[in-house]
Amino acid sequence: MLISTVVVAWMATVLTVYRIAQHEVKEVFDADLARSARILQALLLHEVEEERRMAEQARAVLAGFRAEELAAHPHLARILDEYLSSADQEELELVDPAVTPRRYGPELAFVARYADGTEMLRDGSAPDLPLTTEGYSDLRLGHQLWRIYRLSDPDSGFVVQVGERQALRAELVGYITRNTLMPLLFALPILALLIWLVVGHALKPLQRVADEVSSRAGDALAPIDDADTPREIHALVRALNQLFDRVQSALRRERQFTADAAHELRTPLAVLKTNLQVALAKSREAGPRHALEQALAGVDRATHAVAQLLVLARADAQQTRTLLNSTVDLRDVAVGVVSAMSQPAYERDIDLGMGACDEALVHGDATALHLLLRNLVDNAVRYTPRGGVVTVGTWRDRAGSWVEVADDGVGVAVEQRAEIFRRFRRGAQAGGESGSGLGLSIVQRIADLHGAAVSLDDGLHGRGLTVRVCFPTDAPKRLPAVNEASPSPF
């Protein structure tokens, strides 16, 4: 913008210089035309006056001879007659040399006329100049535009016209403009470089702040260091830090409310479940027992939802601290999860086991990774019919470290797979199975914290669902921290 402004200002300057040069050249050349016309008129009028006096003297001499004397000298009489007959309107001839050293000779012209219009003298290169009005005028003669100045003698009517081609003036104006513009053109790259360097140096602190903000994770709300911030952007940095603080407080209140609400719900739900179980044990009629069983199933779903809300709140809170800079083997995590989920799988007659189980090292929090894999296995066991198969595998390749949970259960339709990672969203195939729609949201959140990617595919034998989590080799070992003092939520 600065360079463009300078260029526009210089263009305005060049235009102004062009207009001023055009005006000054016109005044100077017009003054030269008038001066040349006056000098030429003075010289030619003097010549005319000399010729008139000589003519009068010749008449006086001729009058002093008697007729017989003139007859005795016929040669003298003939010379005097010829002189007297041409003395009143003499025609002079301007002889041009063969080589004209004048640069602007062809651009200049003059014509001198007697009062009756007869030409006394003209420039050999002059065009046919018609009689113009007194003073300055512009004429187009042929393909050329001429500037003409006419000067008349009021006593004798003698007229002098001096002309000049306008191309001469345009050439001089262009020359002045070009010579004014050339230094500017040479200076423009140097000025552009200086502007670039100076402005770039002045904006380095702002660029540093911009880089710091743009390189942050979406949940990094630490204040920006304003120790070396220039005063021009100090107010902006202070406003950003205040905004970060307000957002952090809002998120903290939201997480605290979720955790408090979930904790408060656990106790009444547990009491309600106990009372329902006691009532079910004492009931002998089929109708009331069925109602109590449905109520117990509802309480179980509510309890599961509350537990998942607590886990989700803890997963969100993970953004407020630095991940442990430790190395975790996904194979060990998978073995622990399969061992912990073996009893629920046995109760549902699910064949839960390990598939390809190779070493897969990642950087992260072991408790969070255990929670991620437990949610995947719990979902697979929950939505696989009795007699189904759930397989857990880990491996490592050039892309990174992988963990996979595959089943042959109800699966998720392809068009719904992008939606089930959203909170409280469940697949249409879930049917009447208890669930809160938070399991995969928790998985996605923990994967994001570790820089991992979650993908879905068809399950075993073309049925069910396969969930793969890839931890890339270049994933960050540490995430931005806001509150290092926050305890591990896991």
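Here, the structure is the one placed above.
An account of the accompanying structure is given in this report. (Residues numbered from 1 in each chain as written. Predicted model: local features only at pLDDT ≥ 70, side-chain atom pairs only at ≥ 80, totals over all residues. Heavy atoms only, no water.)

**Some details on the pairing of strand 12 (residues 465–472)**
Within strand 12, six of the eight residues are buried, which leaves the element mostly enclosed by the surrounding structure. In the sheet, strand 11 (residues 453–458) pairs with strand 12 via six bridges, with the strands oriented antiparallel. Opposite Asp457, over in strand 12, you have Thr466 as the bridge partner. Linking strand 11 back to strand 12 in an antiparallel pair, the connection comprises six residues, with His461 at a positive phi of about 55 degrees. (Buried < 20%, exposed > 50% of the residue type's maximum accessible area, 1.4 Å probe, protein only. Helix = DSSP H or I, 4+ residues; strand = E, 2+ residues; numbered from the N terminus. Pairing = 2+ DSSP bridges.)

**Here's the deal with empty space enclosed by the protein**
One pass over the full model with this rule turns up two cavities of 30 Å³ or more. What the second largest cavity holds in volume is close to 40 Å³. Of all the elements in the fold, those that place two or more residues in the lining of the second largest cavity are helix 8 (330–340) and helix 10 (366–382). When residues in the lining of the second largest cavity are grouped by element, the largest group, three residues, is from helix 10. Residue composition of the lining of the second largest cavity, grouped by class: seven nonpolar, no polar and no charged. (1 Å grid on protein atoms, 1.4 Å probe; cavity = no way out; pocket = protein on both sides within 12 Å on 5 of 7 lines; lining within 4 Å. Points joined across faces, edges and corners; volume = space filled by probe spheres on them. Nonpolar A, V, L, I, M, F, W, Y, C, P; charged D, E, K, R; others polar.)

**With respect to the nonpolar core**
Residues Leu373, Leu376 and Val377 are the most contacted members of the largest nonpolar core, which totals 40 residues. Secondary structure elements with two or more residues in this core: helix 8, helix 10, strand 9 (389–397), strand 10 (400–407), helix 11 (439–449), strand 11 and strand 12. A total of nine residues in this core trace back to one element, the largest contributor, which is helix 10. Non-local contacts of Val377, meaning those with residues more than four positions away in its chain, are made with Val337, Met341, Leu352, Val392 and Val405. Judged by nonpolar contacts, the second largest core, of 15 residues, contains Leu33, Met120, Tyr149 and Val160. (Core = buried A, V, L, I, M, F, W, Y, C linked by side-chain atoms within 4.5 Å. Contact = heavy atoms within 4.5 Å.)

**Some words on a nonpolar patch on the surface**
Together, Leu193, Trp196, Leu197 and Val198 give the surface a local cluster of nonpolar side chains, amounting to about 480 Å² of exposed area. Relative to the helices and strands, Leu197 is located in helix 4 (residues 166–202). (Patch = residues over 30% accessible without salt bridge, like charges linked within 9 Å, V, L, I, M, F, W, Y side chains within 5 Å. Areas by Shrake-Rupley, 256 points an atom, 1.4 Å probe, with all protein chains shown as cover. Salt bridge = Lys/Arg side-chain N within 4 Å of Asp/Glu carboxyl O.)

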